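A structural walkthrough
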Amino acid sequence: MSLDMFSLKGRVALLTGASRGLGLAMAEALGKAGATIVINSRDAKQLATAVDKLKAMGIAASYQAFDVGDEAACIRAVADIVRTQGRLDILVNNAGMNLRHALTEFPTADFDAVIAIHLRGAFILSREVLKHMVPAGWGRIINTVSATVRLGRATVSAYTAAKGGLDAMTRQMAIEFATKGVT
């Protein structure tokens, strides 16, 4: 088996929540496989530092600072990446946050904020990148979920609900778009 089959040379990847931690590690791995990387978070300073680290490894990288909970910002970011890079082949929906409260004390605004980042943002970004992936006949969307989807955990009802919704949306997208070259 040739390692070329794992090459991402010529591909462009957007990774949300990627200024540090798991997101940055995924960006590094995709970049080492040859992809051009665009990382995202809300913190431009952290993103600039992360891009410098990726570039020092020889990875073509840039960043887009925006809040994935902001629909207009998501739409602008995807359009900008396609305009500047000529394509967008891979989306990793990794941005996240967690607010902890007992369910009986969980403020609706906090619940909405967690859903907006984990589920709504992933929906909007997926919808927007699919508009480019489907005509190209190739694309990959990776959504990070959590074991809490099946196991549950006290004080994280919004997080669990958001990740459960994302898990279901991932399966739905796989069924809807696999025949179009997008997995």
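These numbers come from a predicted model, not from an experiment. (Residues numbered from 1 in each chain as written. Predicted model: local features only at pLDDT ≥ 70, side-chain atom pairs only at ≥ 80, totals over all residues. Heavy atoms only, no water.)

1. Regarding the sheet that holds strand E3 (residues 61-65)
Across the sheet, which stays open at both edges, the five strands sit in the order E3-E2-E1-E4-E5 with parallel pairing between neighbours. Of all strands in the sheet, those bounded by a partner on one side alone are E3 and strand E5 (140-143). Ignoring which end each strand starts from, the neighbouring axes of this sheet average 15° apart. Contacts between helix H2 (residues 44-56) and the sheet are confined to strand E2 (36-41) and E3, with E3 contributing the most and set at about 170° to the helix. Packed on one face of the sheet, helix H3 (residues 71-85) meets strand E1 (12-15), E2 and E3 and runs near 155° to E3. (Pairing = 2+ DSSP bridges. Helix = DSSP H or I, 4+ residues; strand = E, 2+ residues; numbered from the N terminus. Axes fitted to C-alpha atoms, helices over the stretch in contact; angles between N-to-C directions. Contact = heavy atoms within 4.5 Å.)

2. Observations concerning the layout of surface pockets
One number sums up the size of the largest pocket: a volume of about 350 Å³. Looking at the largest pocket, it is lined by 18 residues, and the ones nearest its centre are Gly17, Arg20, Ser41, Ala95 and Gly96. Split into classes, the residues belonging to the lining of the largest pocket amount to six nonpolar, eight polar and four charged. (1 Å grid on protein atoms, 1.4 Å probe; cavity = no way out; pocket = protein on both sides within 12 Å on 5 of 7 lines; lining within 4 Å. Points joined across faces, edges and corners; volume = space filled by probe spheres on them. Nonpolar A, V, L, I, M, F, W, Y, C, P; charged D, E, K, R; others polar.)

3. Let's talk about helix H6 (residues 157-177)
Given 3.6 residues per turn, any residue in an α-helix points the same way as the ones three and four places further on. Look at H6: 30 Å from first C-alpha to last across 21 residues, which is about the 30 Å you get at 1.5 Å a residue. Within the span of H6, buried status applies to Ala158, Tyr159, Thr160, Ala162, Lys163, Leu166, Asp167, Met169, Met173 and Phe177. Of the surrounding elements, those touching the buried residues of H6 are helix H4 (108-136), E5 and helix H5 (148-151). (Expected span 1.5 Å × (residues − 1). Buried < 20%, exposed > 50% of the residue type's maximum accessible area, 1.4 Å probe, protein only.)

4. Points about the side chain of asparagine 93
Here asparagine 93 is to be found in strand E4 (residues 90-93). Reaching out from asparagine 93, the side chain makes a polar contact with the side chain of asparagine 143 at a distance of 2.8 Å. (Polar contact = N/O pair within 3.5 Å; in protein donor to acceptor, adjacent residues only side chain to side chain.)

5. Thoughts on the pairing of E3
Consecutive side chains along a regular strand alternate between the two faces of the sheet. One ladder, built from five bridges, connects E2 with E3; its direction is parallel. Each bridged residue has a counterpart across the sheet, and for valine 38 the counterpart in E3 is serine 62.

6. Comments concerning the packing of aromatic side chains
A full pass over the atoms with the stated rule returns one aromatic pair. A ring pair is formed by phenylalanine 106 and phenylalanine 111, whose centres lie 6.2 Å apart and whose planes are at 85°; its orientation type is edge-to-face. Looking at phenylalanine 106, the relative accessible area reads 12%, which means it is buried. According to the relative accessible area criterion, phenylalanine 111 is partly exposed, its value standing at 32%. A cation over a ring is seen here: arginine 11 above tryptophan 138, with NZ or CZ 3.6 Å from the ring centre. (Phe/Tyr/Trp six-rings, centres within 6.5 Å; stacked < 30°, edge-to-face > 60°. Lys NZ or Arg CZ within 6 Å of the ring centre and 35° of its normal.)

7. Some thoughts on the pairing of E2
Burial analysis of E2 places five of its six residues in the buried class, which makes it a mostly covered element. Note that E1 and E2 share four bridges and pair parallel. Within the sheet, the bridge partner assigned to leucine 14 lies in E2 and is valine 38. Note that the unit made of E1, helix H1 (residues 21-32) and E2 has a crossover that is right-handed. Regarding the hand of the β-α-β motif, the stretch spanning E2, H2 and E3 is right-handed. (Right-handed = clockwise from strand over helix to strand, strands pointing away.)

8. A look at the nonpolar core
In this structure, Leu88, Leu125 and Ile141 are the most contacted members of the largest nonpolar core, which totals 27 residues. Taken together, the elements giving at least two residues each to this core come down to E1, H3, H4 and H6. At seven residues, H4 tops the list of elements feeding residues into this core. Setting aside residues no more than four positions away along its own chain, leucine 125 makes contact with Leu14, Thr16, Phe66, Val68, Cys74, Val78, Leu91 and Asn93. Membership of the second largest hydrophobic core comes to 18 residues, among which are Ile39, Ala50, Val51 and Leu54. (Core = buried A, V, L, I, M, F, W, Y, C linked by side-chain atoms within 4.5 Å.)

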